[in-house]
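Chain residues, written in single-letter form:
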Amino acid sequence: MQTDIQTTATIQALETYMEQHMEEGICIAFSGGVDSSLLLKIACEIGKKTNHKILAVTFETKLHPHGDLEKARAIASTFGAIHKTIPVDEFSDPTILHNPIDRCYRCKKLLFRTLIEYAQQEGYYYLIDGTNYDDKDSYRPGMKALKELGIHSPLLELSITKAQIRTAATALGISSSDRPSAPCLATRLPYGTTLDFKILERIDRGEQYIKTFGFYNVRLRLHQDILRIEVDRCDFMKFIELQDVIVSKLKELGFSYITLDLEGFRSGSMDINIDHSL
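This structure is a prediction, so every number in the text was calculated from the model and none was measured.

So, on to the domain arrangement of the protein chain. By domain assignment, the protein chain separates into domain 1 (1–172) and domain 2 (196–260). Between domain 1 and domain 2, roughly 460 Å² of surface is buried when both sides are summed, and carbon and sulfur atoms account for 60% of that area. The interface formed by domain 1 and domain 2 contains zero salt bridges. In this assembly, domain 1 and domain 2 are joined by zero residue pairs in polar contact (both at pLDDT 80 or more).

Right, let's get into the sheet that holds strand E7 (residues 257–260). Two strands in a sheet stick together by hydrogen bonds in their backbones, pointing the same way (parallel) or opposite ways (antiparallel). Pairing is mixed across the open sheet formed by three strands, whose spatial order is E5-E6-E7. Looking along the sheet, the strands with just one partner apiece sit at the ends: strand E5 (218–223) and E7. The mean inter-strand angle of the sheet, taken between neighbouring strand axes irrespective of direction, is 25°. In this structure, strand E6 (residues 226–231) lies alongside E7, joined through four bridges in parallel fashion. What sits directly across from Ile229, in E7, is Leu260. Lying over the sheet, helix H8 (residues 197–211) contacts E5 and E6, oriented at roughly 145° with respect to E5. Where helix H10 (residues 243–252) meets the sheet, it contacts E5, E6 and E7, and its direction lies at approximately 140° from that of E7.

In this section: the environment of Glu60. When you line up the elements, Glu60 lands in strand E2 (residues 55–60). Sequence separation between Glu60 and Asp89 is 29 residues, and the spatial gap between their C-alpha atoms is 8.4 Å. For Glu60, the residues in contact, after removing those within four places along its chain, are Leu69, Thr85, Ile86, Pro87 and Val88.

Quick look at the packing of helix H4 (residues 103–121) against helix H5 (residues 142–149) now. Between H4 and H5, whose axes approach to 7 Å, the crossing angle comes to 35°. When you trace H4 past H5, the crossing you get is right-handed. Seen from H4, the contacting residues are Cys104, Tyr105, Lys108, Lys109, Phe112, Arg113 and Ile116; seen from H5, they are Gly142, Lys144, Ala145, Leu146, Glu148 and Leu149. Across the contact of H4 with H5, the residue classes tally to seven nonpolar, one polar and five charged.

Spatially, the four strands line up as an open sheet ordered E3-E2-E1-E4, and their pairing is parallel. Each edge of the open sheet carries a strand with a single partner, namely strand E3 (82–87) and strand E4 (126–128). Each strand of the sheet is rotated relative to its neighbour by a mean of 25°, with strand direction disregarded. Of the strand pairs in this sheet, strand E1 (residues 26–29) and E2 are connected by three bridges, and their pairing is parallel. What sits directly across from Ile28, in E2, is Ala56. Against the sheet, helix H3 (residues 68–79) touches E2 and E3, its axis set at about 160° to E3. Together, E1, E2, E3 and E4 form the strand contacts of H4, whose direction differs from that of E2 by roughly 140°.

The rules behind these values
- Residues numbered from 1 in each chain as written.
- Predicted model: local features only at pLDDT ≥ 70, side-chain atom pairs only at ≥ 80, totals over all residues.
- Heavy atoms only, no water.
- Domains from an automatic or database assignment.
- Buried area = accessible area lost by both parts, 1.4 Å probe.
- Salt bridge = Lys/Arg side-chain N within 4 Å of Asp/Glu carboxyl O.
- Polar contact = N/O pair within 3.5 Å; in protein donor to acceptor, adjacent residues only side chain to side chain.
- Pairing = 2+ DSSP bridges.
- Helix = DSSP H or I, 4+ residues; strand = E, 2+ residues; numbered from the N terminus.
- Axes fitted to C-alpha atoms, helices over the stretch in contact; angles between N-to-C directions.
- Contact = heavy atoms within 4.5 Å.
- Left-handed = near helix turned anticlockwise from the far one by under 90°.
- Nonpolar A, V, L, I, M, F, W, Y, C, P; charged D, E, K, R; others polar.

Now the structure itself:
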């Protein structure tokens with residue numbers, strides 16, 4: 001019962017938030033993940049009541065996993081949003097290519113400057129992203145860029161956690177409520193490693209292959225010649241049972257040395273030696 005009350009309160013807080021800004025024209029940076037899907041669903045429901053259309057924009061970039069774009073387009077369509085795709089070449093800023101520790105800051109600055117320009121041309125002036133309350137405890141240099149550009153993060157502002165987001169999304173029947181996070185592919189390489197699109201494509205193909213066996217969280221992190229595989233600890237035995245076919249596929253993709261990380265999946269495992277105050 002307490003969970004139901006909390007979920008209702010979460011949804012009502014977001015409804016009130018969206019209603020307060022509807023006249024400004026709401027544009028949501030929409031990845032199709034659970035965070036932005038919850039925001040878009042609620043914004044569209046309020047928009048229908050107030051006769052306002054919501055603009056959802058998905059970035060088409062070189063660093064995000066393939067397949068995300070079609071998923072985002074399908075979800076936005078079911079909500080009744082206006083959905084647009086903006087192609088952005090992250091490497092128009094050549095410094096991003098070298099994967100510096102502030103890569104996320106540089107990338108967010110580029111992406112959201114592009115979004116602001118497009119949204120305002122279309123008459124939308126209240127721009128929203130899906131940063132949530134849990135993100136404040138992680139290394140997220142991109143949050144600085146969002147703040148500098150005046151992008152709003154209602155899930156952060158209202159102190160809504162990832163667990164609360166998933167519960168609310170489930171209650172609203174959102175199909176992506178249990179979808180795992182899908183950060184950009186640059187997170188698969190150590191900072192300071194030049195980003196190679198062919199390598200990132202191979203990593204993406206490897207992750208997608210492993211996921212076909214039903215693994216929930218999958219990350220392939222490449223350290224020079226060593227491919228470090230992260231899956232949830234509860235899936236270790238399943239992985240061992242499938243190791244021969246998985247290793248065979250990964251070697252087919254060109255990876256020579258393959259290892260399973262015994263710490264299991266953890267978001268941001270490339271950030272463990274980074275000063276979060278940077």
